[in-house]
Amino acid sequence: MLSILITNDDGIHTRGIKQLAEELGCMYDVYVVAPDRERSATGHSISLHDPIRVKELERGRVYSIDGTPVDSVHVALLGLIKKPVFTIVSGINFGLNLGQDVFYSGTVSAAFQANTFGIHGIAISIDREGDKIYYETASRVALALVKKLESLKGGARFILNVNVPNLPFKEIRGIEITRLGKRIYRDKMIEREDPKKNKYFWFEGGNIEDVLEPGTDVYVVRKNRVSITPLTLDLTAYNDIEMLKDEGFSDILE
């Protein structure tokens, strides 16, 4: 039985991670290592200047840590989990991670961290709009993905960013392989003073405008389809390399 590591950025006690562990636990040897509280929007943050404390919640199986999602992966793969891990599944995140969200999301960063260890990383998120959140729909998608990865031949290791509409499973209109889309954020900064007249600031998220371009994750999810976007650790803008050479950027110190 293959071993699967589950983590998230919403915290170890959330319904999403519990649903995911229950679903995958039917077919795989599941371990859970996740933050002890919400760590949303921590990106690829790693704790280098503070110790990471681990609390065992279920003997040899479920652990909380006082660090980030990436810390969770790091701690698990560097010794906490003794068995080889086939895939890391991060989620189920309460809220979509579309477009440039992948640069901020702790959920997605945990999947990236899996890939640095040469392991498949799946980040799975569900839309938060609606009176009821259908985590069971997202967990069924996650299980199908892990089974598919298990059947693959070859050495490729994938990072998959998966976004699921908040619908009953029977209302999902299929799956589409996508590219990252665009979201326009109307963020605000609020300036205030504490009782000692020291300034402090809050970032307030405004309305999000989704750019509905066919073929993107943003567009596909709004069409009630599951979006799977393959990601890569290599952020090199290859199209710009020759342009920078041609424009003499490599000669600016001469």
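Residues numbered from 1 in each chain as written. Predicted model: local features only at pLDDT ≥ 70, side-chain atom pairs only at ≥ 80, totals over all residues. Heavy atoms only, no water.

Observations regarding helix 2 (residues 69-80)
Next up, step 1: Of all the positions in helix 2, only Pro-69, Val-70, Asp-71, Ser-72, Val-73, Val-75, Ala-76 and Leu-77 are classed as buried.
Next up, step 2: On the buried face of helix 2, the contacting elements are strand 1 (3-7), strand 2 (29-35), strand 3 (54-58), strand 4 (62-65), strand 5 (87-94) and helix 3 (106-116). (Buried < 20%, exposed > 50% of the residue type's maximum accessible area, 1.4 Å probe, protein only. Helix = DSSP H or I, 4+ residues; strand = E, 2+ residues; numbered from the N terminus. Contact = heavy atoms within 4.5 Å.)

Re the environment of Ile-4
Next up, step 1: On the secondary structure map, Ile-4 appears in strand 1.
Next up, step 2: Taking relative accessible area as the criterion, Ile-4 reaches 0% and is therefore assigned buried.
Next up, step 3: For the pair Ile-4 and Arg-173, spaced 169 residues apart in sequence, the C-alpha to C-alpha distance is 28 Å.
Next up, step 4: Beyond its immediate sequence surroundings of up to four residues, Ile-4 is in contact with Leu-24, Tyr-28, Asp-29, Val-30, Tyr-31, Val-85, Phe-86, Thr-87, Val-89 and Val-146.

Looking at the sheet that holds strand 7 (residues 159-164)
Two modes of strand pairing occur in sheets, parallel and antiparallel, and in both the strands are linked by backbone hydrogen bonds.
Next up, step 1: Taken in spatial order, the 9 strands line up as 3-4-2-1-5-6-7-13-8 in an open sheet, and their pairing is mixed. Lying at the two open borders of the sheet, with one neighbouring strand each, are strand 3 and strand 8 (175-177). Each adjacent strand pair in this sheet contributes to an overall mean axis angle of 20 degrees, direction not counted. (Pairing = 2+ DSSP bridges. Axes fitted to C-alpha atoms, helices over the stretch in contact; angles between N-to-C directions.)

Comments concerning the packing of helix 1 (residues 15-24) against helix 4 (residues 135-151)
Next up, step 1: Relative orientation of the contacting elements helix 1 and helix 4 amounts to 45 degrees, with a least axis distance of 9 Å. With respect to each other, helix 1 and helix 4 are oriented oblique. Relative to helix 4, helix 1 is oriented so that their crossing is right-handed. Judged by residue contacts, Arg-15, Gly-16, Gln-19, Leu-20, Glu-23 and Leu-24 of helix 1 engage Tyr-135, Glu-136, Ser-139, Arg-140, Ala-142, Leu-143 and Val-146 from helix 4.
Next up, step 2: Residues belonging to the contact of helix 1 with helix 4 are distributed by class as follows: 6 nonpolar, 3 polar and 4 charged. (Parallel < 35°, antiparallel > 145°, perpendicular 65-115°, else oblique. Left-handed = near helix turned anticlockwise from the far one by under 90°. Nonpolar A, V, L, I, M, F, W, Y, C, P; charged D, E, K, R; others polar.)

What to know about helix 3
Next up, step 1: Where burial is concerned, most of helix 3 is hidden: 10 out of the 11 residues are buried.
Next up, step 2: On the buried face of helix 3, the contacting elements are strand 1, helix 2, strand 5, strand 6 (120-126), strand 7 and strand 13 (226-231).
Next up, step 3: Positive phi appears at Gly-118, one or two residues downstream of helix 3, with a value of about 75 degrees.

Focus: the packing of aromatic side chains
Next up, step 1: Per the counting criterion, the structure on display carries 0 aromatic pairs.
Next up, step 2: The lysine or arginine in question, Arg-61, covers the ring of Tyr-31, its NZ or CZ lying 4.4 Å from the ring centre.
Next up, step 3: Arg-140 extends its terminal NZ or CZ atom over the ring of Phe-169, reaching a point 3.6 Å from the ring centre. (Phe/Tyr/Trp six-rings, centres within 6.5 Å; stacked < 30°, edge-to-face > 60°. Lys NZ or Arg CZ within 6 Å of the ring centre and 35° of its normal.)

Coordinates in, geometry out; function isn't part of it.
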